[in-house]
Amino acid sequence: AAKPTASYRSAAAGSATLSMAYAGYLFTENVLKAKAGATDVVMPAYVESNITEAEFFASPCKFGKDGVEEVLGFGEMSDYEKGWFDKMMPDLKAQIQKGKDFVA
């Protein structure tokens, strides 16, 4: 089988960067819409909340003129999802503490 060429590999390597840039663009555009008065702006954000046992969590949030107005729940999880959720929670909490310790 033929191996991908260097130019193909280089093009593929940028796809994650472009995806992140586009996500940043959409987030910024929607924050600006909310700041301008739009009342229907809901998008995910990693925020301080109490919807899980972690101090911070990525959740759908309603944005308004002053930023996040409400952290929304993320709905019901299947047993499979709940299993992985419970499995990742200790690591998430440890990573949050590591970040807090770093900035302290």
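Quick note: structure is the one above.
Right, let's walk through the structure included here. Because the structure is a prediction, the values reported are computed rather than measured.

**Examining the side chain of Ser 49**
Within the secondary structure, Ser 49 sits in the loop between strand S1 (41-48) and strand S2 (56-64). According to the relative accessible area criterion, Ser 49 is buried, its value standing at 16%. Beyond its immediate chain neighbours, meaning those up to four positions away, Ser 49 contacts Ala 54, Glu 55, Phe 57 and Val 71.

**Concerning the packing of aromatic side chains**
Tallied over the full model, the rule gives seven aromatic pairs. Summarising the aromatic geometry, the rings of Phe 57 and Phe 74 are spaced 5.6 Å apart at their centres and angled 35 degrees between planes, so their arrangement reads as tilted. Pair noted here: Phe 57 is in strand S2 and Phe 74 is in the loop between strand S3 (67-71) and helix H3 (79-103), with a separation of 17 residues, a long-range link. With 5.8 Å between their ring centres and 40 degrees between their planes, Phe 74 and Phe 85 make a pair best called tilted. Note that Phe 74 is positioned in the loop between S3 and H3 and Phe 85 in helix H3, a separation of 11 residues in sequence. Here the aromatic cluster, defined as three or more aromatic residues joined through ring pairs, consists of Phe 57, Phe 74 and Phe 85.

What counts and what doesn't
Residues numbered from 1 in each chain as written. Predicted model: local features only at pLDDT ≥ 70, side-chain atom pairs only at ≥ 80, totals over all residues. Heavy atoms only, no water. Helix = DSSP H or I, 4+ residues; strand = E, 2+ residues; numbered from the N terminus. Buried < 20%, exposed > 50% of the residue type's maximum accessible area, 1.4 Å probe, protein only. Contact = heavy atoms within 4.5 Å. Phe/Tyr/Trp six-rings, centres within 6.5 Å; stacked < 30°, edge-to-face > 60°.

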